[in-house]
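Fold and contact review
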Amino acid sequence: MGKRIHNFNAGPAALPLSVLEEMQSELLDFKGSGMSILEVSHRSKWFDDVINEAIERTRRLLGIGDAFDVLFVQGGASLQFCMIPMNLAMPDRPVDYINTGTWATKAIKEAQIQGKDVRVIASSEDRGFSYIPKEFSPNQDAAYLHFTSNNTIKGTQWARFPNAGEVPLVCDMSSDFMSRPFDVRPFGLIYAGAQKNIGPAGSVMVIIRKDMLARTPGKIPTMLKYTTFAEKNSMYNTPSCVVVYIVSLVLKWLEETIGGLEKMAGINQEKGAIIYDFIDGSSFYRGTADNDSRSLMNVTFRLPSEDLEKKFVADASKEGLGGLKGHRSVGGCRASIYNATGVGAVKALVAFMAEFERKQG
Ligand SMILES: *Cc1c(COP(=O)(O)O)cnc(C)c1O
């Protein structure tokens, strides 16, 4: 086997090694089928078991009962920006959004394109989206309140979710889904692109409160209705079978190897403390997010110059630390430390950062 690197990519991102090994071991003959999972029919018992296992593990990990459906939808989180207002907006009621960065901005745009009555009730745009807004009060007449729990590009994360009372929360959890436990009850809909924290690219997990399905209007295309996915267990058309399979393996790892979301959150806290304590103690590296808003998933930081940042990313890559370049829209550096990136990888990164500072600082 070639040497595997410490992978700090933002998405697609690292997968647990044991998951890759499990895929490898059952690739040629999936559970006695004589076929790989890439080759079985989505109408087979084999795939039925896979998708149902992924759904059941999701229910157990999040502690959700029958009030919610768990769906797999293609088209990325980006298609959810459009499906959400299309399905969940209501006549004569505005839709509320909190703008905390690039993804939220795109979500707002898709609601506006559809001519919905969009209110941006809070934003952190005034300071380059470097913080999570605190001073705002959710309206009680909105059809829903949409926010992004973790801002992958800007490196900020909601420590505590907004409270909108009876108004259902709708959340883009793409980049911190399954990184910590949370109470699902205030949510009408949660969505997460698989490629950040729960699998490879190609599918989005949507968790929708069943009463929200009643809002889906009749006259929208079949493939854009949540009801289509809910009624057919996400198999109205051919789902991304292999993605659903890998998600089921990642969730099994989370449940059985890690021991659930409390445990996962503890490990993520530990990783965050290691790298942020180091950055806080350095005058060479500078975090870009406010301390009370910074993300445990995407650690964004700058060096004293862009030339040093380039050299940092290149030298790190030579040392087997990959994916540290910041998003092209903001520059700088970013270490994405999702669930599958372990404490060891974070310690290796901090050791490299200290050494780089010693040589260049
Ligand atoms: C990556 C990301 C998206 C976009 O996901 P696609 O699957 O590429 O559409 C949306 N929201 C957040 C928070 C993300 O991290």
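This text gives an overview of the structure that appears in the document. (Residues numbered from 1 in each chain as written. Predicted model: local features only at pLDDT ≥ 70, side-chain atom pairs only at ≥ 80, totals over all residues. Heavy atoms only, no water.)

**Some remarks on the sheet that holds strand 4 (residues 118-123)**
- Strand order in the open sheet made by the 7 strands is 2-10-9-8-5-3-4, with mixed pairing throughout. The open sheet has two free edges, formed respectively by strand 2 (68-73) and strand 4, since each of these has just one partner strand. Between one strand axis and the next, the sheet turns by 20° as a mean value, whatever way the strands run.
- Bridge count between strand 9 (residues 187-193) and strand 10 (residues 204-209): 5 bridges; the pairing is antiparallel. Bridging across to strand 10, Gly193 finds its partner in Val204.
- Against the sheet, helix 4 (residues 102-113) makes contact with strand 3 (95-99), strand 4, strand 5 (145-148) and strand 8 (169-172), and its axis sits at roughly 155° relative to strand 3, the strand it touches most. (Pairing = 2+ DSSP bridges. Helix = DSSP H or I, 4+ residues; strand = E, 2+ residues; numbered from the N terminus. Axes fitted to C-alpha atoms, helices over the stretch in contact; angles between N-to-C directions. Contact = heavy atoms within 4.5 Å.)

**A closer look at the site of the ligand**
- Near the ligand lie 13 residues; those nearest to it are Ser78, Thr152, Asp172, Gln195 and Lys196.
- The side chain of Gln195 places a nitrogen or oxygen atom 2.9 Å from an oxygen atom of the ligand.
- Within the side chain of Lys196, an N or O atom sits 2.6 Å from an oxygen atom of the ligand.
- The protein chains hide 86% of the 390 Å² of surface that the ligand would expose on its own. (Near = heavy atom within 4 Å. Polar contact = N/O pair within 3.5 Å; in protein donor to acceptor, adjacent residues only side chain to side chain. Areas by Shrake-Rupley, 256 points an atom, 1.4 Å probe, with all protein chains shown as cover.)

**Let's talk about the packing of helix 2 (residues 45-62) against helix 7 (residues 241-258)**
- For the pair helix 2 and helix 7, the least separation of the axes is 9 Å and the interaxial angle reads 40°. Judged by the inter-axis angle, helix 2 sits oblique to helix 7. Helix-helix and strand crossings are classified by hand; for helix 2 and helix 7 the assignment is left-handed. Contacts between helix 2 and helix 7 involve Phe47, Val50, Ile51, Glu53, Ala54, Arg57, Thr58, Arg60 and Leu61 from the first element and Cys241, Val244, Tyr245, Ser248, Leu251, Lys252, Leu254, Glu255 and Glu256 from the second.
- Grouping the constituent residues of the contact of helix 2 with helix 7 by class yields 10 nonpolar, 2 polar and 6 charged. (Parallel < 35°, antiparallel > 145°, perpendicular 65-115°, else oblique. Left-handed = near helix turned anticlockwise from the far one by under 90°. Nonpolar A, V, L, I, M, F, W, Y, C, P; charged D, E, K, R; others polar.)

**Digging into the packing of aromatic side chains**
- Enumeration according to the criterion identifies 19 aromatic pairs in this entry.
- Ring geometry for Phe284 versus Tyr285: centroids 4.9 Å apart, planes at 85°, classification edge-to-face.
- Residue Phe284 is classed as buried on the basis of its relative accessible area, which comes to 8%.
- Relative to Phe312, the ring of Tyr285 has its centre 5.8 Å away and its plane inclined at 65°; by these criteria the two rings are edge-to-face. You can see Tyr285 sitting in the loop between helix 8 (261-280) and strand 11 (286-287) and its partner Phe312 sitting in helix 9 (residues 306-318), a full 27 residues away along the chain.
- In this structure Tyr285 comes out as buried when scored by relative accessible area, which is 2%.
- Members of the aromatic cluster, connected to one another through ring pairs, are Phe278, Phe284, Tyr285, Phe301, Phe312, Phe352 and Phe356. (Phe/Tyr/Trp six-rings, centres within 6.5 Å; stacked < 30°, edge-to-face > 60°. Buried < 20%, exposed > 50% of the residue type's maximum accessible area, 1.4 Å probe, protein only.)

So yeah, pure geometry; function would need other evidence.
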